[in-house]
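The residues making up each chain are set out below.
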Amino acid sequence: MGRMKEVYMQIMQENMGKVPEEMTLADMAKMKELQIYNWEDYEREQEKIRLFRVKQENPREIAKVAQTQDFWEEEIRRSEQREIAKRYPKDK
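Residues numbered from 1 in each chain as written. Predicted model: local features only at pLDDT ≥ 70, side-chain atom pairs only at ≥ 80, totals over all residues. Heavy atoms only, no water.

### Some thoughts on the packing of helix H2 (residues 25-34) against helix H3 (residues 39-57)
Thinking step 1. As a packed pair, H2 and H3 sit with axes 11 Å apart at the nearest point and diverge in direction by 85°. Here H3 runs roughly perpendicular to H2, going by the angle between their axes. From H2, Asp-27, Lys-30, Met-31 and Leu-34 reach across to H3, where they touch Trp-39, Tyr-42, Glu-45 and Gln-46.
Thinking step 2. In terms of residue class, the contact of H2 with H3 is built from four nonpolar, one polar and three charged. (Axes fitted to C-alpha atoms, helices over the stretch in contact; angles between N-to-C directions. Helix = DSSP H or I, 4+ residues; strand = E, 2+ residues; numbered from the N terminus. Parallel < 35°, antiparallel > 145°, perpendicular 65-115°, else oblique. Contact = heavy atoms within 4.5 Å. Nonpolar A, V, L, I, M, F, W, Y, C, P; charged D, E, K, R; others polar.)

Printed below as a string of C-alpha cells:
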C-alpha cells in the first residue's frame, strides 16, 4: 500500500471514518510529519505553533492570542462532548 494511502486510512480511522472537509494535502503531509492523525488534535497543535511564532514576533499580542486560544480550546471541548452525546445517546 502507498504511503499516502496509509496516511489517508489512518486519518479516516482517527476521525470516525470521515475525512475533514477543510483538510488539504499540505495538512495531510504535516499530519504525517507530526504523527497526529486526529483533526482536532492537529488543529490544536497548529494553534500552539502559531501562538509560539506570535510570541516571538510580537510579545504585546500575547494577551489577545491567549484569549483566542482559550475560546477555541473551549469550543473543541464542547465539540467533543457533542460527539460523545451523538455516539452514546441517553436512554429515555
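### Description of the pattern of salt bridges
Thinking step 1. Scanning the entire structure with this criterion turns up nine salt bridges.
Thinking step 2. Note that Glu-47 and Arg-50 form a salt bridge whose closest N and O atoms lie 2.8 Å from each other. Of the two residues, Glu-47 and Arg-50 both sit in helix H3, three residues apart, roughly one turn of that helix.
Thinking step 3. For Glu-47, a relative accessible area of 18% gives the class buried.
Thinking step 4. Of the charged contacts in the structure, one is a salt bridge between Glu-83 and Lys-86, with a shortest N-O distance of 3.9 Å. Within this pair, Glu-83 and its partner Lys-86 are both found in helix H4 (residues 62-87), separated by three residues, close to a single helical turn.
Thinking step 5. Taken together, the salt bridges that share partners define one network made up of Glu-74, Glu-75, Arg-77, Arg-78 and Arg-82. (Salt bridge = Lys/Arg side-chain N within 4 Å of Asp/Glu carboxyl O. Buried < 20%, exposed > 50% of the residue type's maximum accessible area, 1.4 Å probe, protein only.)

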